[in-house]
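Single-letter residue listing:
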Amino acid sequence: MLNEFWATSSTAYKTLVFSAMGLIAVGLILSIAGNTTGNQGLAIASLPVIGVGLLLHVTGLVVRGQKIRKGYKK
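The structure displayed is predicted, hence computed values, not measured ones. (Residues numbered from 1 in each chain as written. Predicted model: local features only at pLDDT ≥ 70, side-chain atom pairs only at ≥ 80, totals over all residues. Heavy atoms only, no water.)

Student: Any chance you could explain the packing of aromatic side chains here in plain terms?
Tutor: In this description, an aromatic ring pair is defined by two values, namely the gap between the centres and the angle between the planes. As enumerated under the stated definition, the model contains two aromatic pairs in all. Ring geometry for Trp-6 and Phe-18: centres 5.6 Å apart, planes at 85 degrees, overall edge-to-face. Of the two residues, Trp-6 sits in helix H1 (residues 5–8) while Phe-18 sits in helix H2 (residues 11–37), which places them twelve residues apart along the sequence. The rings of Trp-6, Tyr-13 and Phe-18 are connected pair by pair, giving a single aromatic cluster. (Phe/Tyr/Trp six-rings, centres within 6.5 Å; stacked < 30°, edge-to-face > 60°. Helix = DSSP H or I, 4+ residues; strand = E, 2+ residues; numbered from the N terminus.)

Next comes the structure, spelled out in structure tokens:
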């Protein structure tokens, strides 16, 4: 089951995972750009973007854990 999880997962879960990865990537890019150019406002503005990405990532882990747990009970 663990090898086939991505193939059998819902579209909502896949969207959640890709959104989390995208937000984390955008936040890291903003942070690097802000720090290399000396733009402190941009660097600080990137932190909430990274935070939201991490929250979505944790939510995805919870969704995946619940689906696996339900699979074991059957």
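Student: What exactly am I supposed to notice about a nonpolar patch on the surface here?
Tutor: On the surface, a nonpolar cluster with roughly 330 Å² of combined accessible area is contributed by Trp-6, Phe-18 and Met-21. Examined against the element boundaries, Met-21 turns out to sit in helix H2. (Patch = residues over 30% accessible without salt bridge, like charges linked within 9 Å, V, L, I, M, F, W, Y side chains within 5 Å. Areas by Shrake-Rupley, 256 points an atom, 1.4 Å probe, with all protein chains shown as cover. Salt bridge = Lys/Arg side-chain N within 4 Å of Asp/Glu carboxyl O.)

Student: How should the side chain of Ser-46 be read in this particular structure?
Tutor: Mapped onto the fold, Ser-46 is located in helix H3 (residues 40–73). When its relative accessible area of 0% is taken as the criterion, Ser-46 is described as buried. Each residue touching Ser-46, except ones within four places of it in the same chain, is listed here: Gly-27, Leu-30 and Ser-31. (Buried < 20%, exposed > 50% of the residue type's maximum accessible area, 1.4 Å probe, protein only. Contact = heavy atoms within 4.5 Å.)

Student: In this structure, what is going on with the environment of Ser-46? I would like to understand it.
Tutor: In sequence terms Ser-46 and Ser-31 are 15 residues apart; their C-alpha atoms lie 5.4 Å from each other. Reaching out from Ser-46, the side chain makes a polar contact with the backbone oxygen of Ala-43 at a distance of 2.6 Å. (Polar contact = N/O pair within 3.5 Å; in protein donor to acceptor, adjacent residues only side chain to side chain.)

Student: How should H2 be read in this particular structure?
Tutor: Counted at 1.5 Å a residue, the expected span for H2 with its 27 residues is 39 Å, and the 38 Å between its end C-alpha atoms agrees. For H2, the full list of buried residues reads Tyr-13, Leu-16, Ala-20, Gly-27, Ser-31 and Gly-34. Trailing H2 by a residue or two, Gly-38 shows a phi angle of about 80 degrees, which is positive. (Expected span 1.5 Å × (residues − 1).)

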